[in-house]
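Take a look at the letters that make up each chain.
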Amino acid sequence: MDRILRGISADGSVKITAVTTKDLTERARRIHSTLPVVTAALGRTMAAVSMMGNALKKEGSSITARINGGGPAGTILVTSDEKGNVRGYVQNPQVDLPLKANGKLDVGGAVGTDGMLTVMRDLGSGEPYNGSVELVSGEIAEDFTRYFFESDQVPTACALGVLVDRDQSVIAAGGYIVQLMPGAEDETAEKLERSVQRAGAVTKMLQNGSLEELIYKVLDGFDPIILEEDAVTYKCYCSREKIRNAIAGIDRNELRSMLEEDKSIEVKCQYCGEVYTFTETDFEE
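No experiment lies behind these values; they were computed from the predicted model shown.

Asker: Can you tell me about the overall build of the protein, naming the residues and giving the values?
Answerer: The number of helices and strands found in the protein is nine helices and twelve strands. A compact globule built from 285 residues should have a C-alpha radius of gyration of about 19 Å, and the protein, at 21 Å, falls within 12% of that. Among the 285 residues that make up the protein, the fraction classed as buried is 49%. Accessible surface, the protein: about 14,200 Å² in total, of which carbon and sulfur atoms supply 45%.

Asker: Requested: an account of the environment of Ala10, with residues and values cited.
Answerer: By secondary structure assignment, the location of Ala10 is in the loop between strand S1 (3–8) and strand S2 (14–20). Each residue touching Ala10, except ones within four places of it in the same chain, is listed here: Phe222, Asp223 and Ile225.

Asker: Give a detailed account of the packing of helix H1 (residues 22–32) against helix H2 (residues 36–54), specifying residues and quantitative values.
Answerer: Running from N to C, H1 and H2 cross one another at 135°; their axes reach a closest spacing of 10 Å. By the criterion of interaxial angle, the relationship of H1 to H2 is oblique. Along this stretch, H1 crosses H2, giving a crossing that reads as right-handed. Of the residues in H2, those touching H1 at Leu24, Thr25, Ala28, Arg29 and His32 are Thr39, Leu42, Gly43 and Met46.

Asker: An account of the environment of Val38 is requested, with residue identities and associated values reported.
Answerer: Looking at where Val38 falls in the secondary structure, it is placed in helix H2. Look at Val38 and you get buried, because its relative accessible area is 1%. If near-sequence neighbours (up to four positions away) are discounted, Val38 is found in contact with Val90, Asn92, Pro93 and Val95.

Asker: Please give an account of the sheet that holds strand S9 (residues 170–180) that cites residues and values.
Answerer: Pairing is antiparallel in the open sheet, where five strands are placed in the order S8-S9-S2-S1-S10. What marks the edges here is a single partner per strand, and that holds for strand S8 (156–164) and strand S10 (225–231). Each strand of the sheet is rotated relative to its neighbour by a mean of 10°, with strand direction disregarded. Relative to S9, S8 runs antiparallel, the two being bridged by nine bridges. Within S9, the position partnered with Leu160 by the bridge is Gly175. Relative to the sheet, helix H5 (residues 186–199) contacts S2, S8 and S9, its axis offset from that of S9 by approximately 170°. Relative to S2, helix H7 (residues 211–218) is tilted by about 145°, and along the sheet it contacts S1, S2, S9 and S10.

Cut-offs and rules
- Residues numbered from 1 in each chain as written.
- Predicted model: local features only at pLDDT ≥ 70, side-chain atom pairs only at ≥ 80, totals over all residues.
- Heavy atoms only, no water.
- Helix = DSSP H or I, 4+ residues; strand = E, 2+ residues; numbered from the N terminus.
- Rg over C-alpha atoms; globule rule 2.2 N^0.38 Å.
- Buried < 20%, exposed > 50% of the residue type's maximum accessible area, 1.4 Å probe, protein only.
- Areas by Shrake-Rupley, 256 points an atom, 1.4 Å probe, with all protein chains shown as cover.
- Contact = heavy atoms within 4.5 Å.
- Axes fitted to C-alpha atoms, helices over the stretch in contact; angles between N-to-C directions.
- Parallel < 35°, antiparallel > 145°, perpendicular 65-115°, else oblique.
- Left-handed = near helix turned anticlockwise from the far one by under 90°.
- Pairing = 2+ DSSP bridges.

Encoded structure:
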């Protein structure tokens, strides 16, 4: 089961959010038939957005991240609700690139760096807040780290990872976001940096231990206290009624022409792959 943990250091100087997203990343892979490098790109983005969405808390709020770096994968779009449940898609899921020299997936090559990371927060007030930063590496974690620093003005360490098996299935996925609280001293920042470096790769920690152990390792020496836990999943909010209402908004003559030509209208949800078919009878009213 995928879940999110939120915690804080004993002295209140550092807060952390950590998530494991193996199951929801695997579901996204199956829905979109992504090849490994795209699975990693989408999975990393979903982990980050899930943690950001879970921080909103207000019912009905949501957060959406769009990444377009000009790479062959095209646009990545991921949305989370206030609980951290996510849905997402990639424009070109079948991208395949050679491994990097260190044997790792070339996510930066698939995503590209000539573009922006845009984050849209909708708190249900009707006036979403948008913030954008230029991509740093296309590796996702570094790009979100820059977003937090430039847009939110919060010193942040963000680590994300997806480990893919030889059969292309997901072995481990998730990440963490660590942030200094207001008033934290320089010594705390230096201590945190050393602790994060010692912790190592996210996927290795998730593969070999629990989410709690990840938090204790990343905040080694800070005596972290776990405050909250939530289950998260891949969740799409599409429905036949929503799709029907969207189609009904098409110009009446154009809609009639479409129905006369094909006898029906078929719509596939870009997030979950569900196919909805409508006939003239569905729009008679």
